[in-house]
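# Close look at the chain arrangement
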Amino acid sequence: MITIDDTRTARAAGGLALLGGLLYLAGLLLDVVTLFRFPEDAARTAVHAVVDLLLTAALIPGGVLLLRRDPLGRLGCIVGSATAIVATLTSLLLSATGLASLDVGPGGLVAGGVLALVVVLPPAAATLALAISAPAARWCGLPRFERQA
């Protein structure tokens, strides 16, 4: 039996996944503009665009499918939010070690790694925690997580 808490948990995970997917879609569009506007920065921008494309492709369908009570949507939310966390931490690590530059030029922000950590990590972690929870699994109808009467 699905409770109101199951519904709230799953809808929150789906909503956060959709918002995150839209954020990465906006980033992908900005990456495409940057590729044409600043071709000298193409390598770094192309890598960023691929990551944005993968995250958009996981989070938007995952959020929609989760709201439709599809177990694949839950999986998309889990994979997308976990990938967002890993990508953000990798970016921060590369910036901290000096292997990636933090500049004000095209595609860069001053202290971009720390800003991404603050902006991306909390919603991605919340999406992951909500999507991986038993209430979200029950919402999708997974029998292993059904409440015992």
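Refer to the preceding data block for the structure.
Now for a look at the structure at hand.

Definitions and cut-offs
- Residues numbered from 1 in each chain as written.
- Predicted model: local features only at pLDDT ≥ 70, side-chain atom pairs only at ≥ 80, totals over all residues.
- Heavy atoms only, no water.
- Core = buried A, V, L, I, M, F, W, Y, C linked by side-chain atoms within 4.5 Å.
- Buried < 20%, exposed > 50% of the residue type's maximum accessible area, 1.4 Å probe, protein only.
- Helix = DSSP H or I, 4+ residues; strand = E, 2+ residues; numbered from the N terminus.
- Contact = heavy atoms within 4.5 Å.
- Phe/Tyr/Trp six-rings, centres within 6.5 Å; stacked < 30°, edge-to-face > 60°.
- Lys NZ or Arg CZ within 6 Å of the ring centre and 35° of its normal.
- Expected span 1.5 Å × (residues − 1).
- Salt bridge = Lys/Arg side-chain N within 4 Å of Asp/Glu carboxyl O.
- Patch = residues over 30% accessible without salt bridge, like charges linked within 9 Å, V, L, I, M, F, W, Y side chains within 5 Å.
- Areas by Shrake-Rupley, 256 points an atom, 1.4 Å probe, with all protein chains shown as cover.
- Axes fitted to C-alpha atoms, helices over the stretch in contact; angles between N-to-C directions.
- Left-handed = near helix turned anticlockwise from the far one by under 90°.
- Nonpolar A, V, L, I, M, F, W, Y, C, P; charged D, E, K, R; others polar.
- Parallel < 35°, antiparallel > 145°, perpendicular 65-115°, else oblique.

## Description of the nonpolar core
Counting residues in hydrophobic clusters, the biggest one holds 16 residues, and the most contacted among them are Tyr-24, Leu-66, Cys-77, Ala-84, Ala-131 and Trp-139. Of all the elements in the fold, those that place two or more residues in this core are α1 (4–37), α2 (42–67), α3 (71–97) and α4 (112–132). With sequence-adjacent residues up to four places away left out, Leu-66 is seen in contact with Ala-10, Ala-13, Gly-14, Gly-73, Arg-74, Cys-77, Trp-139 and Cys-140.

## Some words on the packing of aromatic side chains
Scanning the entire structure with this criterion turns up 0 aromatic pairs. Positioned above the aromatic ring of Phe-38 is the side chain of Arg-37, whose terminal nitrogen or guanidinium carbon lies 5.1 Å from the ring centre. Cation over ring: Arg-69 sits above Trp-139, and NZ or CZ is 4.5 Å from the ring centre.

## What about α2?
Note: α-helices contain 3.6 residues per turn, so residues at a spacing of three or four share the same orientation. Between its terminal C-alpha atoms α2 stretches 37 Å, which fits the 38 Å expected from 26 residues at 1.5 Å a residue. For α2, the complete set of buried residues consists of Thr-45, Ala-49, Asp-52, Leu-55, Thr-56, Ala-58, Leu-59, Gly-62, Gly-63 and Leu-66. In this structure, the buried side of α2 is in contact with α1, α3 and α5 (134–139). Downstream of α2 by a residue or two, Arg-69 has a phi angle that is positive, lying close to 70°.

## A word on the pattern of salt bridges
According to the stated counting rule, one finds 2 salt bridges in the structure shown. The salt bridge involving Arg-138 is made with Asp-6; its shortest N-O contact spans 3.0 Å. Taken together, the residues span a long stretch of sequence, with Arg-138 in helix α5 and Asp-6 in helix α1 at a distance of 132 residues. Accessibility classification places Arg-138 together with Asp-6 in one group, the buried group. Across the pair Arg-44 and Asp-41 runs a salt bridge whose closest N-O atoms are separated by 3.1 Å. With a relative accessible area of 13%, Asp-41 lands in the buried category.

## Some points on a nonpolar patch on the surface
A cluster of nonpolar side chains, contributed by Leu-19, Leu-22, Leu-25 and Leu-29, occupies part of the molecular surface with about 380 Å² of accessible area. Its location among the elements puts Leu-29 in helix α1.

## Details of the packing of α2 against α3
Across the interface, α2 lies against α3 with an axial gap of 7 Å and an inter-helix angle of 150°. The handedness of the crossing between α2 and α3 comes out as left-handed. Across the interface between the two elements, Val-51, Leu-55, Ala-58, Leu-59, Gly-62, Gly-63, Leu-65 and Leu-66 of α2 pack against Leu-72, Gly-73, Arg-74, Gly-76, Cys-77, Gly-80, Ser-81, Thr-83, Ala-84 and Ala-87 of α3. Grouping the amino acids of the contact of α2 with α3 by side-chain chemistry returns 10 nonpolar, 7 polar and 1 charged.

## Looking at the packing of α1 against α2
Direction vectors running N to C along α1 and α2 enclose 155°, while the axes themselves pass 7 Å from each other. By the angle between their directions, the pair α1 and α2 is classed as roughly antiparallel. Here α1 and α2 pass one another in a crossing that is left-handed. Residue classes in the contact of α1 with α2 are distributed as 19 nonpolar, 9 polar and 3 charged.

Read these as layout, nothing more, since geometry by itself doesn't imply function.
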